[in-house]
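Residues per chain are reported as follows:
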Amino acid sequence: MIANVLTIAGTDPSGGAGIQADIKAMSALGAYACSVITAVVAQNTCGVRSFQALDPDFVAAQIDAVLEDVRIDAVKIGMIANAGIAHAVAERLRHHGARNIVLDPVMVAKSGHALLDPESVSAVREALVPLARLVTPNLPEAAVLLDREDDWTAETMQTALPDLLALGSDYVLLKGGHLEGADSTDLLAGPEATQTFAAPRIATTNDHGTGCTLSSAIAALLPNHDMPEAVARAKAYLHAALAQSDALDVGQGHGPVHHFHALWPAEAKAQE
């Protein structure tokens, strides 16, 4: 079955993150991508300059327009921008009975700056997390969700999983990329025993949009795979996209991963 997958997120005019990365990842993995925009963002590979959040009622209208017409098999939620949008998204997804919701809680920029105020964080935690089948926080985002210090170790990652699950999602994928070490290790917790996904770190600066890409890849795969397999396949896809990202020459900062590494013709790759 070709899955129809909806992404709800902000934009990235440089194409490496946000809605643009979501659509690329979903398409590369064989899903049909639909989109709802929450915010228009002025950003590039060097960082976010500013953004304009859309009116929550208009975000809700976009969701209605898609879900009243298209069978949606999974939903990825990324940048929410504010509390009003969080509540609007939660209410409309609940109204339409949306399933296979993957929440990427975009709360903290790579620079460490908070992207949501406390009211908006509470809205994400209380309105969106309980709707999610899977939440995919990195370590700074998990610290915000749990209202704790961002002082993680491999051991505290393990001990935090019950508290993250207690927020209401079916599964949590806690991403350990911010820790030091030769490997980057993520932990998947849910109804089954905790599973560990470790992969060697790749020496590249082309890591813009990795969180968006991973959560979108999982959403694209969930309609046809169980959770552990969807996560494993999505992780393998992202690892390969990172490994081949240096074939791209995009921007002067943190460039994008190579979303279409397995699809572009050999002669096109030879010209890169």
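Heads up: the structure comes first, above all this text.
Every value quoted in this text rests on a predicted model; they were computed, and no experiment measured them.

What counts, and where the lines are drawn
- Residues numbered from 1 in each chain as written.
- Predicted model: local features only at pLDDT ≥ 70, side-chain atom pairs only at ≥ 80, totals over all residues.
- Heavy atoms only, no water.
- Disulfide = S-S within 2.5 Å.
- Buried < 20%, exposed > 50% of the residue type's maximum accessible area, 1.4 Å probe, protein only.
- Helix = DSSP H or I, 4+ residues; strand = E, 2+ residues; numbered from the N terminus.
- Pairing = 2+ DSSP bridges.
- Right-handed = clockwise from strand over helix to strand, strands pointing away.

J.: Looking at this model, I keep getting lost on the state of the cysteines. Mind explaining?
T.: Put plainly, a disulfide is one covalent bond tying together the sulfur atoms of two cysteines. On inspection of all chains with the given rule, the structure shows 0 disulfides. Cysteine 46 takes part in no disulfide bond, and the closest cysteine sulfur to it belongs to cysteine 212, at a distance of 17 Å.

J.: Could you clarify how one ought to interpret the pairing of strand S1 (residues 4-9) in this entry?
T.: With 6 of its 6 residues buried, S1 lies for the most part within the structure. Judged by which residues are buried, S1 turns out to be covered on both faces: Asn4, Leu6 and Ile8 on one side and Val5, Thr7 and Ala9 on the other are all buried. Bridge count between S1 and strand S2 (residues 32-37): 6 bridges; the pairing is parallel. By the bridge assignment for S2, valine 5 is matched with alanine 33. What joins S1 to S2 is helix H1 (residues 18-28), and the crossover it makes is right-handed. Examined bridge by bridge, S1 and strand S5 (residues 74-77) share 4 bridges and lie parallel to one another. For valine 5, the partnering residue across the bridge sits in S5 and is alanine 74.

J.: Whenever I open this one, the environment of aspartate 163 confuses me. Can you help?
T.: Relative to the helices and strands, aspartate 163 is located in helix H6 (residues 154-165). Residue aspartate 163 is classed as partly exposed on the basis of its relative accessible area of 45%. C-alpha separation for the pair aspartate 163 and aspartate 55, spaced 108 residues apart in sequence, amounts to 33 Å.

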